[in-house]
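# Residue-level structural notes
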Amino acid sequence: MKTSDFYFDLPQELIAQTPIEPRDHSRMLVLSRETGEITHKHFYDVIDYLNEGDTLIVNDSRVLPARIYGEKVDTGSKIEFLLLEQKQQDVWEILCKPGKKAKPGVRFNFHNLLEAEVLEVLEDGNRIVKFHYEGNFFHILDQIGQMPLPPYITEKLQDQERYQTVYSHEVGSAAAPTAGLHFTKELMEKIRQKGVNIAAVTLHVGLGTFRPVKVDDVTKHKMHSEHYEISPETAELIRKTKQNGKRVFAVGTTSCRTLESVGTAHNGEIVAEDGYTDIFIYPGYQFKVIDGLITNFHLPESTLIMLVSAFAGYDSIMNAYQTAVKEKYRFFSFGDAMMIV
């Protein structure tokens, strides 16, 4: 299996630069796993594909406004930090540019609210820094930080909350779990009223999500590691759903990877736990937990198109993507949705 097998030609103009309003009015391509049949809908029609007793699993991670701009303490020269992961209290792994300024011991000031000292330069060029400040770190970030939009979005985001899901809660992601951006609170309430369960897992999305696969042989790719958490309540709900012969739908590849990581580690059982996952799902993988998937349209040759190919079948997915291009669906983070049933 080659990385190039997952290539498709995507016209630049189909990469969505701004979100649709209202959120649930984006288009939705519905793909049958059994037949490969494609139906064209809108996202608010998602309720028609969910039955009483089914369970919808969302990722409640919230994106940090993790891009901050500051200056070197002694010279005033400009620096940009992108916070990747909290390592311990006030100590973070970050990306920075220009990197040559950020040597161990160098200090940077951000709006006179944060000061950072570089502790270490990692092999991949990332830095470990320690922040000094007064007050609440995350409140300061809310004041001075910007959303770390993916590199393919070039337009400025007018409302930062549009890069958060309406159910986001646990701060820690460097990128949004974007499949969930299509839900409104009203739509979620309608889904609940139909008797569908909605429960959350947490997986903090890292920037590895956007890293290209650089090897020809798919099986040689090494996935980045991300932190996840499943509560006892969510684990119990999934167990009951399965026992009752109902379906579990994952909202997004992050929810899917969380559930399948735990299912793989525990012989198909879902248990409450937290940890790190670097699970890489590609065709040939046997799914242990999910019965349906709500997702967006992903980059060519990405680990995410490999995951959906594993779930729906390679030929069905490549055909669905060609159809989506022909029908001018909008792609990537602010784009349209796909529901695999």
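What counts and how
Residues numbered from 1 in each chain as written. Predicted model: local features only at pLDDT ≥ 70, side-chain atom pairs only at ≥ 80, totals over all residues. Heavy atoms only, no water. Pairing = 2+ DSSP bridges. Helix = DSSP H or I, 4+ residues; strand = E, 2+ residues; numbered from the N terminus. Salt bridge = Lys/Arg side-chain N within 4 Å of Asp/Glu carboxyl O. Buried < 20%, exposed > 50% of the residue type's maximum accessible area, 1.4 Å probe, protein only. Phe/Tyr/Trp six-rings, centres within 6.5 Å; stacked < 30°, edge-to-face > 60°. Lys NZ or Arg CZ within 6 Å of the ring centre and 35° of its normal. Core = buried A, V, L, I, M, F, W, Y, C linked by side-chain atoms within 4.5 Å. Polar contact = N/O pair within 3.5 Å; in protein donor to acceptor, adjacent residues only side chain to side chain.

Now for the pairing of strand β8 (residues 107–110). As judged from the two bridges shared by strand β5 (residues 67–72) and β8, these two strands associate in the antiparallel manner. From the neighbouring strand, Glu71 faces β8, where its bridge partner is Asn109. Examined bridge by bridge, β8 and strand β9 (residues 114–121) share four bridges and lie antiparallel to one another. Directly across from Arg107, in β9, lies its bridge partner Glu117. Linking two consecutive strands that pair antiparallel, namely β8 and β9, is a turn of three residues; a positive phi of about 55° is found at His111 within it.

Time to look at the pattern of salt bridges. In total, this model carries 15 salt bridges according to the counting rule given. The residue Arg107 makes a salt bridge to Glu117 at a minimum N-O spacing of 3.3 Å. Taken as a pair, Arg107 in strand β8 and Glu117 in strand β9 lie far apart in primary sequence, ten residues in all. Since its relative accessible area comes to 22%, Glu117 is described here as partly exposed. For the salt bridge of Glu189 with Arg192, the shortest nitrogen-to-oxygen distance reads 3.9 Å. With a gap of three residues between them, Glu189 and Arg192 both fall in helix α2 (residues 185–193), about one helical turn apart. Each of Glu85, Lys87 and Glu93 takes part in a single network of salt bridges with overlapping partners.

Further remarks concern the packing of aromatic side chains. Applying the stated rule across the entire model yields 23 aromatic pairs. Ring centres of Phe331 and Phe332 lie 6.2 Å apart, and the angle between their planes is 90°; on these two criteria the pair is classed as edge-to-face. Here Phe331 and Phe332 have matching classes, each one buried. Put simply, the rings of Phe81, Trp92, Phe108, Phe110, Phe131, Tyr133, Phe137 and Phe138 pair up and form one aromatic cluster. A cation over an aromatic ring shows up here: Arg27 above the ring of Tyr329, its NZ or CZ 4.0 Å from the ring centre. Here the guanidinium or amino end of Arg33 rests over the ring plane of Phe311, the centre of that ring lying 3.7 Å away.

Ranked by size, the top nonpolar core spans 64 residues in total, and within it Leu259, Ile317 and Phe331 carry the most contacts. Counting 26 residues, the second largest nonpolar core, distinct from the first, contains Leu82, Leu84, Phe110 and Val129.

Once that is clear, we can look at the environment of Arg127. Turning to its location among the elements, Arg127 is positioned in strand β10 (residues 127–133). Take Arg127: its relative accessible area is 11%, and that puts it in the buried class. In the structure, Arg127 is positioned 97 residues away from His224 in sequence and 17 Å away in space, judged by C-alpha atoms. At a separation of 2.9 Å, a polar atom in the side chain of Arg127 contacts the main-chain carbonyl oxygen of Ala102. One polar contact links the side chain of Arg127 to the main-chain carbonyl oxygen of Gly125, over a distance of 2.5 Å.

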